[in-house]
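# Report on the structure
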Protein chains: 2
Amino acid sequence: MEIQGLPGKLLAELGPSIASGELAEGAVLRIEELEERFGVSRTVVREAVRILESMRLVASRRRVGITVQPRRDWDVFDPLVIRWRLAGADRAAQLRSLGSLRVAVEPAAAALAAQHATADQCRELSALAVELTVTARAADLTAFLRHDIDFHATVLRASGNEMFAHLGDTVGAVLTGRTEHNLMPHQPRAYAVQLHREVAEAVCAGDAERAERAMRTIVTGALEELAAELG
Amino acid sequence: MEIQGLPGKLLAELGPSIASGELAEGAVLRIEELEERFGVSRTVVREAVRILESMRLVASRRRVGITVQPRRDWDVFDPLVIRWRLAGADRAAQLRSLGSLRVAVEPAAAALAAQHATADQCRELSALAVELTVTARAADLTAFLRHDIDFHATVLRASGNEMFAHLGDTVGAVLTGRTEHNLMPHQPRAYAVQLHREVAEAVCAGDAERAERAMRTIVTGALEELAAELG
DNA sequence: ATCTTGAATAAGTCATACCTTTGGGGCGAT
DNA sequence: ATCGCCCCAAAGGTATGACTTATTCAAGAT
């Protein structure tokens, strides 16, 4: 759990309820009601609500209560909101949004990585590319996933752009979700693995254009598979 | 102010202090100290701190206090964090990050917009392109800025991707900051204006490739100017 | 019908007491 | 002198009750 303590418990309950649409836009909660429902004090309820408010999932107004806000107001970049949506009924929409985001960001990150990656990061990318090849061949999806996440996170980090770097976890969540819901081929496609190797090579060689192209192929491929899977 | 009430006051003070580096990584605050400093109750302090914690600007530990977290942990996509950084000593770095993000996202958004824009959005884009032309010629920077922000926000919204759409405000903040700090030519370049018209046209014509290319030219140009300006 | 006013309601704030965790110092054993 | 254990104090975490303030809604006046 991200946020600790009792407020975290409330969040873990309320956040997903709202993100999944179970608590629809306009639904009203009251502090007192939440106190009773969770058996906690006002202090705790208020802190949890404040956090939801800062994510714009809810708005609190006097004499009215705590009302669930329309989706378009939600802070869709908040890591918790993303996780909650991925876990619930909104999963498909969230995956689509993130898919497009990846298509936009990851190729650009790869290009920057080719210019800014440190020697260590190059070594790590190369090593991860090897691991991907090995685990793909062995059809070890768990290890493959771990290295795949690591690979993309490393590229994003190597871009030298802090905002790109922060998308590492989010991309990780997407990949995890994809594997968990069997949106992945039973054995990773050799072609995709080959592209990862190419990204690693190009980044290490400082070839921004090739890195970008290879990465774009990877993420557009992923997006297409996703679209096919989700209809 | 985004977050209302007394906790908002604290945030408005603490957030910028941290974002600007005035309160450096590792600095320790105590609840009691903040109570006295701001003349508010524990409840209020705690709620403000909770929010800072959810942005990962600080972490709270028993027996230690509230410690400022290293930059790399910050939730750099949080709109408030972005605004605070833009307002303070971190402005240059934040603008650079956002510049790269724009280069990645806006062309992709323009391409999607060409496929998904509604008739209304097309009309709005066209009208805004006209306004840009007019206000640029009149060297009315204020009106130009307003329409420029609106233009980019509309393209992002028209992409049909909620995450892209949410970057509208952020891009607006960047453009505002650029104008306020005279990082803009005294009169908007005719060339840039022409590119906006081209984006509008291409989007309305459903020509994704041309829309993407024109938008890419705009944002890479902005990034280059920024780099030149900031060294 | 419209405006005013007042009462009811729910969030916002405060003060205080108490619980829980944890870092660090002191003490003893080795 | 060093190591390890234990206990205490410090600071955040939670609970509670009283009070304040804003806001809605409706009743009554115009």
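As the structure is a computational prediction, the values presented were derived from the model and not from experiment.

In the vicinity of DNA strand C lie 22 residues, with Arg46 and Arg63 of chain A together with Leu6, Arg61 and Arg62 of chain B positioned nearest. The protein-proximal atoms of DNA strand C, defined as those within 4 Å of the protein, are 74% sugar or phosphate. One of the backbone N or O atoms of Ile31 of chain A is found 3.2 Å from a phosphate oxygen in DNA strand C. One of the side-chain N or O atoms of Arg61 of chain B is found 2.4 Å from a phosphate oxygen in DNA strand C.

Turning our eyes to something else, we now look at the protein's contact with DNA strand D. Around DNA strand D lies a shell of 23 residues, among which Arg42, Arg61 and Arg62 of chain A together with Arg46 and Arg62 of chain B are the nearest. For DNA strand D, the fraction of atoms within 4 Å of the protein that belong to sugar or phosphate moieties is 61%. At 3.3 Å from a base oxygen of DNA strand D is found a side-chain nitrogen or oxygen belonging to Arg63 of chain A. For the surface near DNA strand D, the secondary structure elements donating two or more residues are α1 (5-19) and α3 (42-54) of chain A together with α3 (42-54) and β2 (58-61) of chain B.

Entries for chain A in the domain assignment read domain 1 (5-73) and domain 2 (90-230). On a C-alpha basis, the centroid separation for the pair domain 1 of chain A and domain 2 of chain A is 35 Å.

So, about the pattern of salt bridges. By the definition in use, this model includes 34 salt bridges over all chains. The residue Asp90 of chain A makes a salt bridge to Arg85 of chain A at a minimum N-O spacing of 2.8 Å. Here Glu209 of chain A makes a salt bridge to Arg213 of chain A, at a shortest N to O gap of 3.8 Å. One end of the pair is Glu209 of chain A and the other is Arg213 of chain A, both in helix α10 (residues 208-230) and four residues apart, which spans about a single turn. You can call Arg213 of chain A partly exposed: its relative accessible area is 49%. Through salt bridges with shared partners, one network takes in Arg46, Arg50 and Glu53 of chain A together with Glu47 of chain B.

Let us now look at the relation of the copies chain A and chain B. When chain A is fitted to chain B, the best match, at an RMSD of 0.0 Å, comes from turning it 180° and sliding it 0.0 Å along the axis. Such values leave the two copies arranged in the relation of a two-fold axis. When the interface residues of chain A are mapped onto chain B, 100% of them again fall at the interface, so both copies present the same face.

Moving on to the pairing of strand β3 (residues 65-68) of chain A. Residues and elements named next belong to chain A. In the sheet, strand β1 (residues 28-29) pairs with β3 via two bridges, with the strands oriented antiparallel. By the bridge assignment for β3, Leu29 is matched with Ile66. Both strand β2 (residues 58-61) and β3 contribute to a ladder of four bridges, which runs antiparallel. Looking across to β3, one finds that Val58 is bridged to Val68. In this antiparallel pair of consecutive strands, β2 and β3, the connection spans three residues, and Arg63 shows a positive phi of 65°.

Right, let's talk about the environment of Val58 of chain A for a bit. Residues and elements named next belong to chain A. Within the secondary structure layout, Val58 lies in strand β2. Taking the relative accessible area as the measure of exposure, Val58 reaches 3% and is therefore buried. Separated by 41 residues in sequence, Val58 and Ser17 place their C-alpha atoms 12 Å apart.

All names here are of chain B. For helix α1 (residues 5-19), which comprises 15 residues, the first-to-last C-alpha distance of 21 Å matches the rise-based estimate of 21 Å (1.5 Å per residue) to within 8%. At Leu11, α1 is bent by approximately 25°, the largest bend along its length. Within the sequence span of α1, burial applies to Pro7, Gly8, Leu10, Leu11, Leu14, Gly15, Ser17, Ile18 and Ala19. Count one or two residues on from α1 and you reach Gly21, which has phi positive near 90°.

What follows concerns the packing of helix α7 (residues 141-158) of chain A against helix α9 (residues 190-205) of chain A. Residue and element names in this part refer to chain A. Running from amino to carboxyl end, α7 crosses α9 at an angle of 30°, the nearest separation of the two axes being 12 Å. Here α7 runs over α9; the crossing is left-handed. Contacts between α7 and α9 involve Phe144, Asp148, Phe151, His152 and Val155 on the former and, on the latter, Val193, His196, Val199 and Ala200. Here the residues of the contact of α7 with α9 are counted per class, giving six nonpolar, two polar and one charged.

Contacts between chain A and chain B engage 40 residues on the former and 40 residues on the latter. In this assembly, chain A packs against chain B so that about 3200 Å² is buried in total across both faces, 56% of it on carbon and sulfur atoms. Of all residues in chain A, Arg50, Phe77 and Met163 of chain A bury the most surface against chain B, accounting for 23% of the area lost on that side. The tally of links between chain A and chain B comes to six salt bridges.

Take the packing of helix α2 (residues 31-38) of chain A against α3 of chain A next. Residues and elements named next belong to chain A. Running from N to C, α2 and α3 point in directions that differ by 115°, and their axes come no closer than 9 Å. The orientation of α2 relative to α3 falls into the category roughly perpendicular. Considering only the axes of α2 and α3, their crossing is right-handed. Across the interface between the two elements, Ile31, Leu34 and Glu35 of α2 pack against Arg42, Val45, Arg46 and Val49 of α3. Within the contact of α2 with α3, the residues separate by chemical class into four nonpolar, no polar and three charged.

For Cys204 of chain A, the location among the structural elements is in helix α9. Excluding its chain neighbours within four sequence positions, the residues that come into contact with Cys204 of chain A are Cys122 and Ser126 of chain A.

A word on α9 of chain A. Residue and element names in this part refer to chain A. Relative to the 22 Å expected for 16 residues at 1.5 Å per residue, α9 spans 22 Å between its end C-alpha atoms, a close match to the ideal helical length. The set of residues buried in α9 consists of Val193, Leu195, His196, Val199, Ala200, Ala202 and Val203. Elements that come into contact with the buried residues of α9 comprise α5 (91-116), α6 (119-137), α7 and α10. In the stretch just after α9, Gly206 is the one whose phi turns positive, near 75°.

Before going further, it helps to spend a moment on the sheet that holds β2 of chain A. Reading across the sheet, the three strands line up as β1-β3-β2 (chain A) and stay open at both edges, with antiparallel pairing between neighbours. Two strands lie at the open edges of the sheet, namely β1 and β2 of chain A, each paired on one side alone.

Rules behind the numbers
- Note on numbering: residues in each chain are counted from 1, in written sequence order.
- Chains carry letters and ligands carry numbers; both start at the beginning, A for chains and 1 for ligands, and go up in the order they are written.
- The predicted nature of this model means local features are confined to residues of pLDDT at least 70 and side-chain atom pairs, given and counted, to a pLDDT of 80 or more, with totals for whole chains, interfaces and linings taken over all residues.
- Heavy atoms from the whole structure form the basis of all side-chain values; hydrogens and water molecules are not counted.
- Any residue with at least one heavy atom within 4 Å of a molecule or strand is counted as near it.
- Each polar contact in these results corresponds to two N or O atoms within 3.5 Å; when the atoms are within protein, one needs to be able to donate a hydrogen and the other to accept it, and residues that are neighboring in sequence are counted only if both atoms are side-chain atoms.
- Helical segments are the DSSP runs of H or I of at least four residues, strand segments are the runs of E of at least two, and each set is numbered from the N terminus.
- Residue ranges assigned to each domain were obtained from an automatic or database domain assignment.
- A carboxyl oxygen of Asp or Glu within 4 Å of a side-chain nitrogen of Lys or Arg is what we treat as a salt bridge.
- Categorising residues by exposure relies on relative accessible area from a 1.4 Å probe, with only protein chains included: less than 20% of the type maximum marks a residue as buried, more than 50% marks it as exposed, and the intermediate range marks it as partly exposed.
- A least-squares fit on C-alpha atoms brings the copies together, and the residues used are those whose pLDDT is at least 70 in both copies.
- Any two residues whose heavy atoms approach within 4.5 Å at even a single point are treated as in contact.
- Here a strand pair is declared whenever DSSP counts at least two bridges between the two strands.
- A helix is expected to span 1.5 Å multiplied by its residue count minus one.
- In this analysis the local bend is the angle between axes fitted, respectively, to the seven residues ending at and the seven residues starting at the residue.
- Comment: axis = line fitted to C-alpha atoms, over the contacting stretch for helices; angle = value between 0 and 180 degrees taken between N-to-C directions.
- By definition, turning the near helix anticlockwise from the far helix through less than a right angle yields a left-handed crossing, and turning it clockwise yields a right-handed one.
- Here the nonpolar group is Ala, Val, Leu, Ile, Met, Phe, Trp, Tyr, Cys and Pro; Asp, Glu, Lys and Arg are the charged ones; every other residue, Gly included, is treated as polar.
- Here's the idea: put two parts together, see how much 1.4 Å probe accessible area each one loses, and the total over both is what we call buried area.
- Just so you know how the angles are binned, under 35 degrees is roughly parallel, over 145 roughly antiparallel, 65 to 115 roughly perpendicular, and the rest oblique.

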